[in-house]
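Close look at the chain arrangement
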Amino acid sequence: MRFSPENRILITFVLTRVYLLGNIFLKNAMKDKLGQTKMSKLVWQISLPMVFSMMLLAAYTVIDAAFVTNMGPQGANANLAITYAFPVQIFSGALGVGTGIGINALLSKSLGETDCKKAAKVVGNGLFMGACIWVLFLIFGLFFAEPFIKMQAGDNAEIVKMGTDYLRITCCLSFGQIGYTVSERFLQSTGKTVLSTISQISGSLINIILDYVFIYPLKMGVAGAAWATVIGQIASFVIAMTFHLIKNKEIKMKIKDLAPSGQVLKEIYAVGWSASIMQGLISIMMLGSVMILGFSHKDPKLLQGSFGIFYKIVQFALFACFGMSNGIITIMSYNYGSQNKARCKECLKYGMIMTFVVTGVLTILFEALANPLALLFSLNGESDTSKVTELVSFGLRIGAISFVFMGVTVSIQGVLQAFRHSIMPLVLSLLRLAILIFPTLYLLTLPDNPETAIWFALPVTEVLTSIVAVVMIVFSFRKTMAKLDEKTVDNTAA
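Quantities reported herein were computed from a predicted structural model and do not represent experimental measurements.

Glancing now at the pattern of salt bridges. Within this structure, the stated rule accounts for 5 salt bridges. Linking Asp165 and Lys161 is a salt bridge whose minimum nitrogen-to-oxygen distance equals 2.9 Å. Placement of both Asp165 and Lys161 in helix H6 (residues 157-172) is noted, with a separation of 4 residues, approximately one turn of the helix. On the basis of relative accessibility, which here comes to 27%, the residue Asp165 falls in the partly exposed class. Take Lys161: its relative accessible area is 53%, and that puts it in the exposed class.

A word on empty space enclosed by the protein. Rolled over the atoms, a probe with the dimensions of a water molecule shows which regions are left empty. Taken as a whole and assessed by the stated rule, the structure comprises 7 cavities of 30 Å³ or more. For the lining of the largest cavity, the secondary-structure elements that each account for two or more residues are helix H2 (39-69), helix H3 (75-112), helix H7 (175-188), helix H9 (221-247), helix H10 (262-294) and helix H11 (300-337). Tallied by class, the residues present in the lining of the largest cavity amount to 11 nonpolar, 11 polar and no charged.

Let's shift gears to a nonpolar patch on the surface. On the surface, Val135, Ile139, Leu142, Phe143 and Phe144 cluster together into a nonpolar patch covering about 470 Å² of accessible area. When you line up the elements, Leu142 lands in helix H4 (residues 116-143). Take Leu142: its relative accessible area is 44%, and that puts it in the partly exposed class.

Quick look at the packing of H3 against H4 now. The geometry of a pair of packed helices is captured by two quantities: the angle between their axes and the separation between those axes. At their nearest, the axes of H3 and H4 sit 10 Å apart, and the two run at 175° to each other. Between H3 and H4, the interaxial angle falls into the category roughly antiparallel. Side by side, H3 and H4 meet where Val88, Phe91, Ser92, Leu95, Gly96, Thr99, Ile103, Leu106, Leu107, Ser110 and Leu111 of the first sit next to Lys118, Ala119, Val122, Val123, Gly126, Met129, Ile133, Phe137 and Phe140 of the second. Residues belonging to the contact of H3 with H4 are distributed by class as follows: 14 nonpolar, 5 polar and 1 charged.

Let's shift gears to the environment of Val410. Considering the arrangement of structural elements, one finds Val410 in helix H14 (residues 403-418). Among the residues examined, Val410 registers a relative accessible area of 1% and is labelled buried. Setting aside residues no more than four positions away along its own chain, Val410 makes contact with Cys321, Phe322, Ser325 and Arg432.

Formed by 145 residues in total, the largest nonpolar core has its most connected members in Leu107, Phe307, Tyr311, Ile313 and Met332. The greatest single-element share of this core, amounting to 22 residues, is contributed by H11. In this structure Met332 touches Cys344, Cys347, Leu348, Val415, Ala418, Phe419 and Phe477, once residues within four positions along its chain are discounted.

The N-to-C vectors of H2 and helix H8 (residues 193-215) enclose an angle of 10°; their axes lie 9 Å apart at closest approach. It follows that H2 is roughly parallel to H8 by the angle criterion. Looking at side-chain class alone, the contact of H2 with H8 contains 15 nonpolar, 8 polar and 2 charged residues.

Looking now at the side chain of Gln413. Take Gln413: it is sitting in helix H14. Here Gln413 is in contact with Met278, Pro425, Leu428 and Ser429, once residues within four sequence places are set aside.

Glancing now at the side chain of Ser289. In this fold, Ser289 is placed in helix H10. Contacts of Ser289, omitting those with residues within four sequence positions, involve Phe307, Phe438 and Leu441.

Turning our attention to the environment of Ala59. By secondary structure assignment, the location of Ala59 is in helix H2. Among the residues examined, Ala59 registers a relative accessible area of 12% and is labelled buried. In sequence terms Ala59 and Ile208 are 149 residues apart; their C-alpha atoms lie 9.2 Å from each other.

Notably, Gln339 is not glycine yet its phi reads approximately 60°, a positive angle. For Gln339, the location among the structural elements is in the loop between H11 and helix H12 (341-375). Despite not being glycine, Arg420 has its phi angle at roughly 70°, a positive value. Tracing the chain through its elements places Arg420 in the loop between H14 and helix H15 (423-435). Since its relative accessible area comes to 24%, Arg420 is described here as partly exposed.

Listing the buried residues of helix H5 (residues 145-153) in full gives Ala145, Phe148, Ile149, Gln152 and Ala153. Angularly, the buried residues of H5 cover 120° about the axis, an arc narrow enough to put them on a single face. For H5, the elements touching its buried residues are H3, H4, H6, H10 and H11. Within two residues after H5, Gly154 carries a phi angle of roughly 70°, on the positive side.

Definitions and limits used
Residues numbered from 1 in each chain as written. Predicted model: local features only at pLDDT ≥ 70, side-chain atom pairs only at ≥ 80, totals over all residues. Heavy atoms only, no water. Salt bridge = Lys/Arg side-chain N within 4 Å of Asp/Glu carboxyl O. Helix = DSSP H or I, 4+ residues; strand = E, 2+ residues; numbered from the N terminus. Buried < 20%, exposed > 50% of the residue type's maximum accessible area, 1.4 Å probe, protein only. 1 Å grid on protein atoms, 1.4 Å probe; cavity = no way out; pocket = protein on both sides within 12 Å on 5 of 7 lines; lining within 4 Å. Points joined across faces, edges and corners; volume = space filled by probe spheres on them. Nonpolar A, V, L, I, M, F, W, Y, C, P; charged D, E, K, R; others polar. Patch = residues over 30% accessible without salt bridge, like charges linked within 9 Å, V, L, I, M, F, W, Y side chains within 5 Å. Areas by Shrake-Rupley, 256 points an atom, 1.4 Å probe, with all protein chains shown as cover. Axes fitted to C-alpha atoms, helices over the stretch in contact; angles between N-to-C directions. Parallel < 35°, antiparallel > 145°, perpendicular 65-115°, else oblique. Contact = heavy atoms within 4.5 Å. Core = buried A, V, L, I, M, F, W, Y, C linked by side-chain atoms within 4.5 Å. Arc of directions from axis to C-beta.

Keep in mind that these numbers describe shape and distance, not what the molecule does.
As structure tokens, this is what we get:
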């Protein structure tokens, strides 16, 4: 069929209008979600799925540890092997999460400014950086896994072998973990947090099922736990990317958007670099704490094994705080990009209310369930694991005291990141994950102190850091709101 010039002009005009109206509709839908929904409802609506998603992320590290510790006579050594490998796992996730947080802040801001072309470029560059991070850990897994485990385990051949096997598998196939931590931000930045949670739940369930099958019926041991973990992570990544491609119609990424853009990467890592370091400091804290406990005058292996289990369980609360922080970043970034001062204030108010509620509930639950949680690691009845669970049970009750303070600090970090600050959130992480925790922990391991004293390091550190965090947010929020007032005046004058 041939069209006259007039008809071709008419058809082009109609198609252009349909395209523009479609874009307006998508932008308005986004605005209705993050820019207009009542804040007291939106904070819970956006953050709770992230909280559950992050807690599930913590869940399968706990389940890995529980299955491994209950393997039988090898359980205690197996627990030490994955404890020694854990800092690298945390660090690989940290680089992905840090990149994801930078993506989240910039993508939400770009959508708030209705800049869909830039949003597509952010997604493409996020995937590019995820691939680069995976290559780094592939190299580490192939060449440095064994020396890293030996540095902590010494000449214990059994622990070295189990730890090396676990670390090599989880590093070489870490593209699932890194890919998911990046791709989930594509969903969260557009308000589709339920879909990111579904992706996380699916991977977690697969991991739990395969943990049992690989470790017990197939008797694959610690390597089986590693395979279960990476298969679950890959599943989460595939599902999250599928949801993004199908549901995020407002982001039309093309192949050319995968090409690295210096400007986009600079903006992603303006927030992302500090977020990566902040998350990576958890790895440094874990490694440093294990090393400090290794020099203890008490039983070093007992303290290291106990601390490994304790910190994996405490991650339920820590990751819940990260989930709340991620929700705050999404909402605050969007409204900050829209220069909506009133909604920024409401986001801070209701974000902190949510933080107190969620961490308060977690504190009560941990105080009540400390012993049952610890007993999950001594189901095989071995005496070594029984001693560990006694220490862990006591530690969880003491550690739960710090949850509210930890929540305040992490949520404030989210607000600061949404405002494009990088140094202040990093300072808070340095305080709670290195500067305060290491000397406090060392002092509590001195010969005159009982074994149970080490658990007080966490509450002391979190209380002191939260005080600094409150001072920072009061200063930063006032300054940022003043800048928004100036922009509003300038726009009005123009």
